[in-house]
Amino acid sequence: MSETSHLIGLLLGTEEDWPTAFETLVSRLGTITDASGHRHRLVTERITMEPFDLRDRPRYELVIDRLAYWYYLPREWLKKVALMNDVYLLNSPFTFQSMEKHAAYCAMIRLGIKVPPTVLVPHKDPPDNARFQYTAAKYNLPFDLPAIADRIGYPLFMKPYDGGQWIGVNRVRDRGELMRAYDTSGRRLMHLQAAVEPFDVFARSLSIGAETMVMKFRPELPMHGRYAVAHDFLSPSVGDEVLTISRLVNAFFRWEFNSCECLVNGDQVHPIDYANASPDVALTSLHYYFPWAMKTLLKWCAFCLVTGRRAPLDLDTRSYFEIGDREDLSYEEKLSAYRRLADEYFDVDRYHDFCASRLPHVDELVLDWVSSAEFDRLLTDTVRSTYPTHEQEQFAAHLRGLVGQWVREQGAQPAWAT
Ligand SMILES: Nc1ncnc2c1ncn2[C@@H]1O[C@H](COP(=O)(O)OP(=O)(O)O)[C@@H](O)[C@H]1O
Ligand SMILES: [Mg+2]
């Protein structure tokens with residue numbers, strides 16, 4: 001019987017850990033038989049950079065992009081293959097223009113989500129453009145930065161309207177710190193944002209397609225300790241709210257691989273950062289959750305390719321705003337309505353049916369692999385390339401402990417624990 005081969009392109013920068021994991025799992029997946037009996041096989045390939053003719057036909061059906069947020073050649077190639085060839089992208093650079101948090105804040109505020117009070121201020125240093133002086137002299141009004149900060153209240157956060165990795169993020173306690181932070185902000189546009197402080201829990205959700213893992217995050221710890229292995233750390237209703245907000249943001253902007261950060265205070269959920277074009281999926285930071293992430297990436301790619309899910313190019317902002325703008329609906333009612341739209345967008349029910357009927361072997365396949373000596377080699381290689389020699393033993397033990405916990409919870413024993 002004929003078989004369809006689906007090529008997944010990986011657009012990578014410096015990462016080796018999760019790509020190796022993903023490639024291994026795809027190569028072990030075997031064939032998937034769809035509802036009509038037709039067989040499908042997934043294949044991966046790392047994409048290389050070269051000149052491209054705009055009329056070239058790409059060989060890839062789906063691309064997982066980890067590079068275009070800073071490298072513009074592949075970004076333009078992604079736009080071309082999305083527009084001309086219907087290649088399915090995780091994520092599309094068209095929607096990640098709003099990788100600047102700013103657009104995401106605006107959209108979520110309109111939808112009634114509890115984004116802390118946020119003000120965008122003009123940059124400290126003028127843009128490098130000969131027209132600026134004339135334009136600014138004519139049209140820029142003087143503004144009173146301390147007065148804006150006073151209105152927001154201290155402490156507050158001054159942070160870039162875009163970007164990530166905590167670069168340029170300042171916690172500001174008083175006027176002196178405010179002016180110093182602003183003076184060093186240079187040409188970066190900055191938001192001033194009310195601090196959500198104190199908060200009970202920092203919930204960081206990683207979403208891959210139709211699935212979301214809500215994790216307890218401890219930003220004050222070094223990277224390897226930030227994700228706590230914790231279950232039931234949110235009440236069911238708050239947990240559901242965090243999940244709904246994450247899925248809403250993703251469905252709204254068509255982001256299929258993203259992380260969303262919410263600060264939870266009692267029963268109040270405040271999202272503060274949720275536009276990460278290339279979310280962290282490193283083995284060293286996700287540890288216990290790494291097998292889930294790899295499994296879900298595999299399942300979501302299989303679902304998209306085998307069912308022929310169409311790559312979305314357009315946003316459907318109006319459907320969401322029609323709910324957000326209604327005055328007769330409560331916050332909870334709006335959340336439920338958004339959740340229905342978002343679940344529909346990600347085809348959540350069909351995805352779960354597909355996993356149950358077409359990918360019943362994947363959970364065991366991932367467990368077998370994570371329990372194997374081959375996985376331990378990946379773990380060791382990752383530790384060697386990440387930490388200095390004198391710390392490697394400690395970090396290898398740390399990761400083996402946490403991933404081993406996951407393996408044991410699935411009822412298996414890691415081959416590498418002995
Ligand atoms: N409004 C806020 N209230 C409390 N903490 C905040 C707020 N904004 C940012 N932070 C803290 O600063 C960190 C970095 O800010 P964030 O907006 O997530 O920027 P980045 O995109 O660089 O991760 C957050 O993880 C959080 O610990
Ligand atoms: Mg963040």
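Above: the structure in question.
Here is what the cut-offs are and how they apply
- Residues numbered from 1 in each chain as written.
- Chains lettered and ligands numbered in written order.
- Predicted model: local features only at pLDDT ≥ 70, side-chain atom pairs only at ≥ 80, totals over all residues.
- Heavy atoms only, no water.
- Helix = DSSP H or I, 4+ residues; strand = E, 2+ residues; numbered from the N terminus.
- Rg over C-alpha atoms; globule rule 2.2 N^0.38 Å.
- Buried < 20%, exposed > 50% of the residue type's maximum accessible area, 1.4 Å probe, protein only.
- Contact = heavy atoms within 4.5 Å.
- Areas by Shrake-Rupley, 256 points an atom, 1.4 Å probe, with all protein chains shown as cover.
- Lys, Arg positive; Asp, Glu negative; His and termini not counted.
- Charge placed at Lys NZ, Arg CZ, Asp CG, Glu CD.
- Pairing = 2+ DSSP bridges.
- Axes fitted to C-alpha atoms, helices over the stretch in contact; angles between N-to-C directions.
- Donors = N, O, S within 2.8 Å, 3.2 Å for Na, K, Ca; no water.
- Parallel < 35°, antiparallel > 145°, perpendicular 65-115°, else oblique.
- Left-handed = near helix turned anticlockwise from the far one by under 90°.
- Nonpolar A, V, L, I, M, F, W, Y, C, P; charged D, E, K, R; others polar.
- Phe/Tyr/Trp six-rings, centres within 6.5 Å; stacked < 30°, edge-to-face > 60°.
- Lys NZ or Arg CZ within 6 Å of the ring centre and 35° of its normal.
- Near = heavy atom within 4 Å.
- Polar contact = N/O pair within 3.5 Å; in protein donor to acceptor, adjacent residues only side chain to side chain.
- Salt bridge = Lys/Arg side-chain N within 4 Å of Asp/Glu carboxyl O.

Caption draft 1: How the structure looks around the overall build of the chain. When its secondary structure is counted, the chain shows 15 helices and 14 strands. Taking 22 Å as the expected radius of gyration for a compact globule of 418 residues, we find that the chain reaches 23 Å, a close match to that expectation. In the chain, buried positions account for 51% of the 418 residues. Look at the contacts in the chain between residues 6 or more apart in sequence, and 73% of them connect residues 24 or more apart. Carbon and sulfur atoms provide 51% of the accessible area of the chain, an area that totals close to 19800 Å². A distance of 3 Å separates the average location of the 46 positive side-chain charges in the chain from that of its 57 negative side-chain charges.

Caption draft 2: Looking closely at the sheet that holds strand β10 (residues 201-208). Overall, antiparallel pairing links the 5 strands, which are arranged β12-β11-β10-β13-β14 in an open sheet. Strands at the two margins of the open sheet, each flanked by one partner only, are β12 (227-228) and β14 (268-273). Pairing of strand β13 (residues 257-265) with β14 involves 5 bridges; the strand directions are antiparallel. Bridging across to β14, N265 finds its partner in Q268. In the packing of helix α9 (residues 290-306) onto the sheet, the strands contacted are β10, β11 (211-217) and β13, and the crossing angle to β10 comes to about 35°.

Caption draft 3: Representation of the coordination of the magnesium ion (ligand 2) within the structure. Listed as protein donors to the magnesium ion (ligand 2) are E261 (OE), E261 (OE) and D273 (OD); their distances from the metal cover 2.1 to 2.7 Å. Here E261, found in strand β13, pairs with D273, found in strand β14; they are 12 residues apart in sequence, far enough to count as distant. Here the two residues E261 and D273 agree in accessibility, since each one is buried.

Caption draft 4: Seen up close, the packing of α9 against helix α13 (residues 362-370). Put simply, α9 and α13 touch, their axes get as near as 10 Å, and they point 140° apart. Judged by the angle between their axes, α9 and α13 are oblique. Here α9 runs over α13; the crossing is right-handed. Seen from α9, the contacting residues are P291, K295, L298 and K299; seen from α13, they are V362, D363, V366 and V370. Of the residues in the contact of α9 with α13, the class split is 5 nonpolar, no polar and 3 charged.

Caption draft 5: Inspection of the packing of aromatic side chains at higher detail. Scanning the model with the defined rule gives 23 aromatic pairs in all. Plain terms: the ring middles of Y345 and F346 are 4.8 Å apart, the flat faces sit at 75° to each other, and that makes the pair edge-to-face. By relative accessible area, which is 0% here, F346 ends up buried. Here F375 and W416 contribute two aromatic rings whose centre-to-centre distance is 6.1 Å and whose plane-to-plane angle is 35°, an arrangement assigned as tilted. Pair noted here: F375 is in helix α14 (residues 373-386) and W416 is in the segment after α15 (389-409), with a separation of 41 residues, a long-range link. Take F375: its relative accessible area is 0%, and that puts it in the buried class. Clustering of aromatic rings is evident, with ring pairs tying together F252, F253, W255, Y320, F321 and Y338. The cationic tip of R309 hangs over the ring face of Y345; the distance from NZ or CZ to the ring centre is 5.0 Å.

Caption draft 6: How the structure looks around the site of ligand 1. Looking at ligand 1, there are 18 residues lining it, with K101, K159, W166, V196 and E261 nearest. Backbone polar atom of V196 to a nitrogen atom of ligand 1: 2.9 Å apart, as the coordinates give it. The contact in question runs from an oxygen atom of ligand 1 to an N or O atom on the side chain of E261, over 2.9 Å. When ligand 1 is considered free in solution it has 540 Å² of accessible area, and contact with the protein chains removes 94% of it. Those elements that place two or more of their residues in the shell around ligand 1 are β7 (156-160), β9 (190-194), β13 and β14. When its residues are assigned to classes, the shell around ligand 1 shows 10 nonpolar, 4 polar and 4 charged.

Caption draft 7: Examining the pattern of salt bridges more closely. Considering all chains together, one arrives at 27 salt bridges under this definition. Across the pair K124 and D183 runs a salt bridge, and its minimum N-O distance is 3.3 Å. Linking K124 in the loop between β6 (118-121) and α4 (132-139) with D183 in helix α6 (residues 175-185), this pair joins segments that are 59 residues apart in sequence. Among the residues examined, K124 registers a relative accessible area of 36% and is labelled partly exposed. On the accessibility criterion, D183 (43% relative accessible area) is partly exposed. Taken together, the salt bridges that share partners define one network made up of D240, R247, R339 and D343.

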